[in-house]
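Next come the chains, spelled out residue by residue.
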Amino acid sequence: MMRVFVTGATGYIGSAVVSELINGGHTVIGLSRSDKGAAELKKAGAEVHHGSLDDLDSLRSGAANADGVIHLAFIHDFSNFAHSLATDLLAIKTIGEVLEGSGKPFITTAHANGAASDNEVLALAKRGVRTAIVSLAPSVHGAGDKGFVPELIKIAREKGVSAYIGDGSNRWPAIHRLDAAQLYRLALEKAPAGSQLDGVGDEGVPFRSIASVIGQFLNVPVESISHEEANDHFGFLGTIAALDIPRSSEATQKLLGWQPIHLGLIDDLEQGHYFSS
Ligand SMILES: NC(=O)c1ccc[n+]([C@@H]2O[C@H](COP(=O)([O-])OP(=O)(O)OC[C@H]3O[C@@H](n4cnc5c(N)ncnc54)[C@H](OP(=O)(O)O)[C@@H]3O)[C@@H](O)[C@H]2O)c1
């Protein structure tokens, strides 16, 4: 059993990872930058390490006192994404320096345009750190989701239409938050150094199916729009809503003996909890 330093431990995915680790017999030391976060961590049964991504000494001491690190903290400020990525890279370098030569596990989270962070993590694998990068599906769904799907619901409510682009056959991969949490625990316990892991449960959900459930629950029409209309309708999600990005986690499942067991995205939406507010 390990003492695991978790950054982002207070977040949507991090809090599920904390519970998964504790239920698996590990001790969690969660990074928190607020009293509220610290109280949540204590309630979940974790120890609290006060600090932040901007306080590199707090990252050094957190990593130094742990048997392994899971890095999930990220500044979700899309108006200054370059700063978010630079902060992520610096955090990874700082933690990596502490872990070099130790053979300890260091599990990180991939981001769009985050190649510099991923390259650093892969290089650390050659310097005696048992690194693994988890590449999560763009939709990590479940109770408390604040990502793309709630945004689609908000847009459909505002516009009075649940739209898809073209024939809506373009596919989005997805993963349940609790399956993602188990993947992080298994990666910590047994991923070989330099692993690149696919955090995907549903390999590709047709966008039209997502739009249909949203339309059904909001009681608004489900309609096709053209690519030209997408940005006007979906705003910043226009490009993302058009993507066809099926992904498979078969190799990751085989490597770690991991199997996503929780509801898929459509079944989760059909539970209705996304529409209660
Ligand atoms: N949710 C998704 O659908 C999804 C999909 C793909 C990838 N991801 C990635 O998965 C990871 C976790 O996502 P999430 O949904 O759990 O995010 P989240 O709910 O927004 O949580 C972000 C975490 O980062 C912490 N954090 C933010 N800025 C920080 C700072 N300056 N110093 C220290 N901690 C800071 C937050 O702490 P506070 O509690 O103090 O704010 C929180 O614990 C992120 O890397 C995210 O980009 C998420």
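Refer to the structure presented above.
All values derive from a computational prediction rather than experimental measurement. Throughout this description, residue numbers start from 1 for each chain and increase along the sequence as written. Residue-level local features of this predicted model are given only where pLDDT is at least 70; pairs of side-chain atoms are given and counted only at 80 or more, and the full residue set underlies all totals for whole chains, interfaces and linings. Excluding hydrogens and water, the side-chain figures rest on all heavy atoms present in the structure.

**Thoughts on the site of the ligand**
Reasoning step 1: Throughout, near means a residue has at least one heavy atom within 4 Å of the molecule or strand. Within the structure, the ligand sits among 23 residues, and T10, I13, R33, H76 and H111 are positioned closest to it.
Reasoning step 2: Contact between the ligand and F74: an oxygen atom at 3.3 Å from a main-chain N or O atom of the residue.
Reasoning step 3: Between N or O atoms, a polar contact is any pair within 3.5 Å; within protein, one atom must be a potential hydrogen donor and the other a potential acceptor, and residues adjacent in sequence are included only when both atoms are from side chains. In the environment of the ligand, an oxygen atom lies 3.2 Å from a nitrogen or oxygen atom belonging to the backbone of V140.
Reasoning step 4: Considered on its own, the ligand offers 910 Å² of accessible surface; in the complex 82% of this is hidden by protein.
Reasoning step 5: The pocket occupied by the ligand, as judged from atoms lying within 2 Å of grid points, is the largest pocket. In this description, accessible areas are obtained by the Shrake-Rupley approach with a 1.4 Å probe, and a residue is regarded as covered only by the protein chains that are shown. Cavity means a closed set of points on a 1 Å grid over the protein atoms alone, one where a 1.4 Å probe fits but cannot get out, pocket means an open set with protein on both sides within 12 Å along at least 5 of 7 lines, and lining means a residue has an atom within 4 Å of a point. More than half of a molecule's atoms within 2 Å of the grid points is what it takes for that molecule to sit in a cavity or pocket.

**Remarks on the layout of surface pockets**
Reasoning step 1: Of the voids in this model, the largest pocket is the one considered here, and its volume is about 1,700 Å³.
Reasoning step 2: Counting residues per element, the ones that place at least two in the lining of the largest pocket are α1 (12-23), β2 (27-32), α2 (35-44), β6 (130-136), β7 (139-141) and α6 (148-159).
Reasoning step 3: Of the residues in the lining of the largest pocket, the class split is 20 nonpolar, 16 polar and 9 charged. Grid points are joined across faces, edges and corners, and a volume is the space filled by probe spheres set on the points. Strands here mean DSSP runs of E at least two residues long; helices mean DSSP runs of H or I at least four residues long; both are numbered from the N terminus. Side-chain classes follow a simple rule in which Ala, Val, Leu, Ile, Met, Phe, Trp, Tyr, Cys and Pro form the nonpolar group, Asp, Glu, Lys and Arg form the charged group, and the remainder, Gly included, forms the polar group.

**Let's talk about the sheet that holds strand β1 (residues 3-7)**
Reasoning step 1: Strand pairing follows a simple DSSP-based rule, namely that at least 2 bridges must link the two strands. Strand order in the open sheet made by the 7 strands is β3-β2-β1-β4-β5-β6-β10, with parallel pairing throughout. Among the strands making up the open sheet, the edge pair consists of β3 (47-50) and β10 (195-199). Mean inter-strand twist for the sheet, computed between neighbouring axes without regard to direction, equals 20°.
Reasoning step 2: Relative to β3, β2 is paired through 4 bridges, and the arrangement is parallel. Residue pairing in the sheet places G30 in a bridge with V48 of β3.
Reasoning step 3: Contacts from helix α3 (residues 56-64) reach β1, β2, β3 and β4 (68-71) within the one sheet, and its direction differs from that of β1 by about 155°.
Reasoning step 4: Across the sheet, helix α5 (residues 115-125) touches β5 (105-109), β6 and β10, and the angle it forms with β6 is around 150°. Between the N-to-C directions of two axes lies an angle of 0 to 180 degrees, each axis being a line fitted to C-alpha atoms and, for a helix, fitted only over the stretch in contact. Whether two residues are in contact is decided by their heavy atoms, any of which lying within 4.5 Å being enough.

Function cannot be read off these values alone, since they describe shape.
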